[in-house]
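Examining the three-dimensional arrangement
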Amino acid sequence: MQRLAALTGAGLVTIWSVLAPVAAATPHAPEVERPRLIDAPRSSVDAAIPGERYVLAGRLPPSAADRVVQLQRLGNHGRWVLRWWKRADSRGRYQFDVWADRREGTWRAVVPAVETKGVRRRAIRTRVVRVPITAQQISVAAVPATATWGSSLSVTASVLPARPGHRVELRTVARDGSWSQLGYAVQDRNGTATFAVPLMHYGQLDLSITVDATTRRIGSVRVTPGRTPRLVAHRGGRFAPENTMPNFRAAIAAGTPAVEADIQRTSDGHWVLMHDPDVLRTTDAAAVFPDRSSYAVSSFTLAQILQLTAGAPGVKVPTLDEFFELVSESGVEAVIDPKVTLTSTYARQLASLAASYPRLVTSGSDDLLMWNINTPTTAVSVPSEIPDGRLVYQVTTGPWPDDSALSRYEIISVERSTVTVAELARAHALGVKVYVWTVNDAQSVGAFASAGLDGIFTDDVTMASELLTGSPFGRWATR
């Protein structure tokens, strides 16, 4: 079944297979119809910023109006992946909103082939458009180191590449990474955003600028009330158990300018540092004297008081003599708050005790010692009984004293809920300083300082000092 032809001279042999006629008779398979290639969709940005939205838009030939358009993205493995689809409008226009990630986008639009009423409509495919990803650059003019509460913080940010109309946020960032918005602005055509934000928070604010998905820390500003009231460590603060020598020593060593101590009187006429009328809360008296019928301080002798442990191992209840000696040696101011009705007899006894420490009292406004007078009945009698030291009139509830009573004192100490703008102005008009107690949160410390209070009693003097001065114990107001 083969025919061989040999050309002897040339040595050429031609072979025809019997399969050749069969192959020649086999019909060809139809060619696959190639999609029609048109222009790539247009991107609204030359380069995208991670997290921002941009637009891919294009137009199909008139014959393809109203057809379904697929937006495909080139995947990591070189395969095209369908991302979205929609129908073109009656003029063949289509548009897709795209959110940029951190990888360059390679896109194309595809119109699949369809057959309608027996008529086959050819597929259409666009050329490829590539949208690179670029890092957004944020630059900011120097942020002021300090600012006054209620003032306006001005910040100007420049963003490249510019995104006119895009929102720019000024934020405060907490230590745990959480944030809150201080204000926002909109970029102009040059990418500039300007902020003028009223500062209504106290303390240090760590600031950042956020544009789309880009955030940059821009610095810190410490917001202060604009003035620094006198801080008084209430019962010595929180360095150790309240009203104890370790607490007062730690407060003084840390730089506290003034301390306050509460005093009670024992049954044998001695003064000890104690706030409550009984010893149960702050000592181990129930364990040391389990069978007593009364735990009032006034029922204990000094010897019995000295047997008690005050809040921590080895810590004893101090006597007023010990406290006066510490204050005299250190030179800090001390506010003495008697927790008993201060009769003339008691007042003379305290005055005599203070007189044995010459550094405590001098000749008036430079005295280290201040007496807290907390009952209206003694407000009139005590000034003649305690000639040395400054007098502090304490208001616990209700209205402040009238002008004639108020003017007898250098300082008035008021419970925080009684403070009003009118009463504060009245006291200052009489030349009386106003101290407020007891303030332990930063916002209230700042608010009272801004309002013009002259002194603040607080358990947390470290927090209050950091807020007012920028350091645990720094620049203090003069007396």
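Residues numbered from 1 in each chain as written. Predicted model: local features only at pLDDT ≥ 70, side-chain atom pairs only at ≥ 80, totals over all residues. Heavy atoms only, no water.

1. Looking at the overall build of the protein
Worth spelling out the cut-off: Think of it this way: any DSSP run of H or I at least four residues long counts as a helix, any run of E at least two long counts as a strand, and we number them from the N terminus. Note on classification: 1.4 Å probe, protein chains only; a residue is buried when its accessible area is under 20% of the maximum for its type, exposed when over 50%, partly exposed between these limits. Residues are treated as being in contact if the distance between any of their heavy atoms lies within 4.5 Å. In these tables, accessible area is a Shrake-Rupley quantity obtained with a 1.4 Å probe, and a residue counts as shielded only by the protein chains included in the view.
If you tally the helices and strands in the protein, you get 11 helices and 30 strands. When the 479 residues of the protein are sorted by exposure, 44% land in the buried category. In the protein, the share of contacts with a sequence separation of at least 24, taken over all contacts with a separation of at least 6, comes to 58%. Of the roughly 24,400 Å² that the protein leaves accessible, carbon and sulfur atoms contribute 52%.

2. Side note on the environment of threonine 266
Inspection of the secondary structure assignment puts threonine 266 in the loop between strand 23 (258–265) and strand 24 (271–273). Between the C-alpha atoms of threonine 266 and alanine 303, which are 37 residues apart in sequence, the distance is 9.6 Å. Among all residues touching threonine 266, those that are not within four sequence positions of it are Val272, Val297, Ser298, Phe300, Thr301, Leu302 and Ile305.

3. So, the nonpolar core
Nonpolar side chains in soluble globular proteins tend to be buried together. For clarity, the threshold we go by: In plain words, nonpolar cores are sets of buried Ala, Val, Leu, Ile, Met, Phe, Trp, Tyr and Cys residues tied together by side-chain atoms within 4.5 Å.
By size, the foremost hydrophobic cluster in this structure holds 56 residues, and its most contacted members are Leu320, Phe323, Phe324, Trp371 and Ile412. Residues contacting isoleucine 412, with those up to four places away along its chain left out, are Val392, Tyr393, Val395, Trp400, Pro401, Leu406, Val432, Lys433, Val434 and Tyr435. Val155, Val197, Val221 and Val223 belong to the second largest nonpolar core, which has 22 residues in total.

4. Describing the sheet that holds strand 18 (residues 179–186)
Put simply, the test is: By the convention used here, strands pair only if DSSP detects at least 2 bridges between them. Helix axes are fitted to C-alpha atoms over the stretch in contact, other axes to C-alpha atoms as well, and angles between N-to-C directions run from 0 to 180 degrees.
Strand order in the open sheet formed by five strands is 15-21-20-17-18, with mixed pairing between adjacent strands. Only two strands of the sheet have a single partner each, and these edge strands are strand 15 (146–148) and strand 18. Strand after strand, the sheet turns through a mean of 35 degrees between neighbouring axes, direction not considered. Summarising the sheet, strand 20 (residues 203–211) and strand 21 (residues 214–224) pair through nine bridges and their orientation is antiparallel. By the bridge assignment for strand 21, aspartate 206 is matched with serine 220. Packed on one face of the sheet, helix 11 (residues 461–469) meets strand 20 and strand 21 and runs near 100 degrees to strand 21.

5. Remarks on the pattern of salt bridges
Our working definition: By salt bridge we mean one thing: a side-chain nitrogen of Lys or Arg within 4 Å of a carboxyl oxygen of Asp or Glu.
This structure, assessed with the given rule, holds 17 salt bridges. Aspartate 39 serves as the salt-bridge partner of arginine 127, at 3.2 Å between the closest nitrogen and oxygen. Within this pair, whereas arginine 127 is found in the loop between strand 12 (124–126) and strand 13 (129–131), its partner aspartate 39 is found in the loop between strand 3 (36–38) and strand 4 (42–43), the two being separated by 88 residues in sequence. A residue is classified by how much of its surface remains accessible, and arginine 127, at 42% relative accessible area, is partly exposed.

6. Description of the layout of surface pockets
We count it as follows: Grid points spaced at 1 Å over the protein atoms alone were grouped into cavities, where a 1.4 Å probe fits but cannot get out, and pockets, open sets with protein on both sides within 12 Å along at least five of seven lines, with lining residues defined by an atom within 4 Å of a point. Grid points are joined across faces, edges and corners, and a volume is the space filled by probe spheres set on the points. Classification used: nonpolar for Ala, Val, Leu, Ile, Met, Phe, Trp, Tyr, Cys and Pro, charged for Asp, Glu, Lys and Arg, polar for all others including Gly.
The space that makes up the largest pocket amounts to roughly 600 Å³. Contributing to the lining of the largest pocket are 19 residues, with Arg175, Tyr202, Gly203, Gln204 and Leu205 lying nearest its centre. Elements that contribute at least two residues to the lining of the largest pocket include exactly strand 17 (167–173), strand 18, strand 20 and helix 11. With four residues, the top contributor of residues to the lining of the largest pocket is strand 20. When grouped by side-chain class, the residues that make up the lining of the largest pocket number eight nonpolar, seven polar and four charged.

7. Some thoughts on the packing of helix 2 (residues 245–254) against helix 5 (residues 320–330)
This is how it is decided: Angular relationships are summarised with four words: roughly parallel below 35 degrees, roughly antiparallel beyond 145, roughly perpendicular across 65 to 115, and oblique for the angles in between.
Interhelical geometry of helix 2 versus helix 5 gives an angle of 10 degrees and a closest axis separation of 11 Å. In terms of orientation, helix 2 and helix 5 fall into the roughly parallel class. Taken together, the residues of helix 5 that come into contact with helix 2 (itself represented by Met245, Phe248, Arg249 and Ile252) are Glu322, Phe323, Leu326 and Ser330. Classifying every residue of the contact of helix 2 with helix 5 by side-chain character gives five nonpolar, one polar and two charged.

8. Focus on the packing of helix 5 against helix 6 (residues 344–355)
Note the following rule: For any helix crossing, the convention is left-handed if the near helix is rotated counterclockwise from the far helix by under a right angle, and right-handed if that rotation is clockwise.
Between helix 5 and helix 6, whose axes approach to 10 Å, the crossing angle comes to 45 degrees. Relative to helix 6, the element helix 5 lies oblique. Both helix 5 and helix 6 take part in a crossing whose hand is right-handed. Each of Leu320, Asp321 and Phe324 in helix 5 lies in contact with helix 6, whose residues at this interface are Leu350, Leu353 and Ala354. Considering only residue class, the contact of helix 5 with helix 6 consists of five nonpolar, no polar and one charged.

9. Quick look at a negative patch on the surface
Let me state the cut-off plainly: Patches were defined on residues exceeding 30% relative accessible area and lacking a salt bridge, with like-charge contacts within 9 Å and nonpolar side-chain contacts (Val, Leu, Ile, Met, Phe, Trp, Tyr) within 5 Å. The charge count treats Lys and Arg as positive and Asp and Glu as negative. His and the chain ends do not count. Charged side chains are reduced to one point each, which is NZ for Lys, CZ for Arg, CG for Asp and CD for Glu.
A cluster of acidic side chains, namely Asp321, Glu322, Glu325 and Glu329, defines a negative patch on the protein surface. Locating glutamate 325 in the fold gives a position in helix 5. A relative accessible area of 40% places glutamate 325 in the partly exposed class.

10. Examining the pairing of strand 18
Two elements, strand 17 and strand 18, share seven bridges in a ladder whose sense is antiparallel. Following the sheet pairing, arginine 167 is matched in strand 18 by valine 186. If you look at the hairpin formed by strand 17 and strand 18, you'll find five residues sitting between the two strands, and glycine 177 has a positive phi there, around 95 degrees.

11. What to know about the sheet that holds strand 5 (residues 53–59)
Pairing in this open sheet of three strands is antiparallel, and the strands run 4-5-8 from one edge to the other. Since the sheet does not close on itself, it has two edges, and those belong to strand 4 and strand 8 (93–99), each with one partner. By the bridge criterion, seven bridges tie strand 5 to strand 8 in an arrangement that is antiparallel. Within strand 8, the residue paired with arginine 53 across the bridge is tryptophan 99.

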